[in-house]
Amino acid sequence: MAGNVTFTMIKPGAVKKNYVGAILKMINEAGFVIRAMKLTRMSGTQAASFYEVHQGKPFYDELVKFMSSGPIVAAILEKENAIADYRELIGATNPDNAAEGTVRKMFACSVTQNAVHGADSDENAKREADFFFSTFERFYD
Ligand code: UDP
Ligand code: MG
């Protein structure tokens, strides 16, 4: 089922502002099925590791600091064409460029505090899901 599973996080800013329910509603209404989910918090070391692909970029330190600043909601989502459809639902990385009606347009504060993470490939979705969830925390029909 290539492309049918993605990984997301609702980032600390959106959790703090109580947007979790509204964002999950959009996720469900767009046809995604939640296969795993938890409210948790990354340490600085964990956030640095999660985002290691961005190490050395100008925004890396700020991103790691922000992503470890409070709780996040991590989830594994399933839907046909999940990776691409989820990125369409959340919108562009910079909310200024995000289309109307997308999660980031509605709930992001800035390019760093952009409400949600979405995996960008099957390989990364697997890596990111494995980062947060054991097999006992995943529920399939
Ligand atoms: N980011 C940032 N400044 C930038 C680009 C990215 O702060 O100029 C942050 C932003 O929170 C983004 C994350 O780094 O979600 C990962 O960047 P990526 O390019 O992978 O964007 P995404 O896949 O999240 O849209
Ligand atoms: Mg990315």
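Residues numbered from 1 in each chain as written. Chains lettered and ligands numbered in written order. Predicted model: local features only at pLDDT ≥ 70, side-chain atom pairs only at ≥ 80, totals over all residues. Heavy atoms only, no water.

Caption draft 1: Quick look at helix H7 (residues 122-132). Of all the positions in H7, only Ala-125, Glu-128, Ala-129 and Phe-132 are classed as buried. The buried side chains of H7 occupy one side of the element, clustering within an arc of 100° when seen end-on. The exposed residues of H7 that point more than 90 degrees off its buried face are Glu-123 and Lys-126. Elements in contact with the buried residues of H7: strand S1 (5-10), strand S2 (33-40), helix H3 (44-50), strand S3 (72-78), helix H5 (82-90) and strand S4 (116-118). (Buried < 20%, exposed > 50% of the residue type's maximum accessible area, 1.4 Å probe, protein only. Helix = DSSP H or I, 4+ residues; strand = E, 2+ residues; numbered from the N terminus. Arc of directions from axis to C-beta. Contact = heavy atoms within 4.5 Å.)

Caption draft 2: Expanded view of the site of ligand 1. Neighbouring residues of ligand 1: Lys-11, His-54, Phe-59, Leu-63, Arg-87, Thr-93, Arg-104, Val-111, Thr-112 and Asn-114. Residue Arg-104 places a side-chain N or O atom 3.0 Å away from an oxygen atom belonging to ligand 1. Asn-114 is positioned such that a nitrogen or oxygen atom in its side chain is 2.9 Å from an oxygen atom of ligand 1. Alone, ligand 1 offers 500 Å² of accessible surface; in the complex the protein occludes 79% of this. Taken together, the residues of the shell around ligand 1 sort by class into three nonpolar, four polar and three charged. (Near = heavy atom within 4 Å. Polar contact = N/O pair within 3.5 Å; in protein donor to acceptor, adjacent residues only side chain to side chain. Areas by Shrake-Rupley, 256 points an atom, 1.4 Å probe, with all protein chains shown as cover. Nonpolar A, V, L, I, M, F, W, Y, C, P; charged D, E, K, R; others polar.)

Caption draft 3: Spatial organisation of the packing of aromatic side chains. Under the definition given, this model contains nine aromatic pairs. For the ring pair Phe-7 and Phe-132, a centre distance of 5.5 Å and an interplane angle of 15° mean the geometry is stacked. Of this pair, Phe-7 sits in strand S1 while Phe-132 sits in helix H7, and the two are 125 residues apart along the sequence. Assigned by exposure class, Phe-7 and Phe-132 land together as buried. Here Tyr-19 and Phe-107 contribute two aromatic rings whose centre-to-centre distance is 4.8 Å and whose plane-to-plane angle is 45°, an arrangement assigned as tilted. One end of the pair, Tyr-19, is in the loop between helix H1 (12-16) and helix H2 (20-29); the other, Phe-107, is in helix H6 (residues 103-107), with 88 residues separating them in the sequence. Owing to a relative accessible area of 26%, Tyr-19 belongs among the partly exposed residues under this scheme. (Phe/Tyr/Trp six-rings, centres within 6.5 Å; stacked < 30°, edge-to-face > 60°.)

Caption draft 4: Inspection of the pattern of salt bridges at higher detail. For the structure on display, the rule yields nine salt bridges. Residue Arg-127 pairs with Glu-52 through a salt bridge whose shortest N-O separation is 3.7 Å. On the criterion of sequence distance, the pair formed by Arg-127 in helix H7 and Glu-52 in the loop between H3 and helix H4 (60-67) is long-range, its members being 75 residues apart. For Arg-127, a relative accessible area of 30% corresponds to the partly exposed category. Arg-138 is the salt-bridge partner of Asp-130, the closest N and O atoms lying 2.8 Å from each other. Assessed through its relative accessible area of 38%, Asp-130 is described here as partly exposed. Arg-138 sits in the partly exposed class, given a relative accessible area of 21%. (Salt bridge = Lys/Arg side-chain N within 4 Å of Asp/Glu carboxyl O.)

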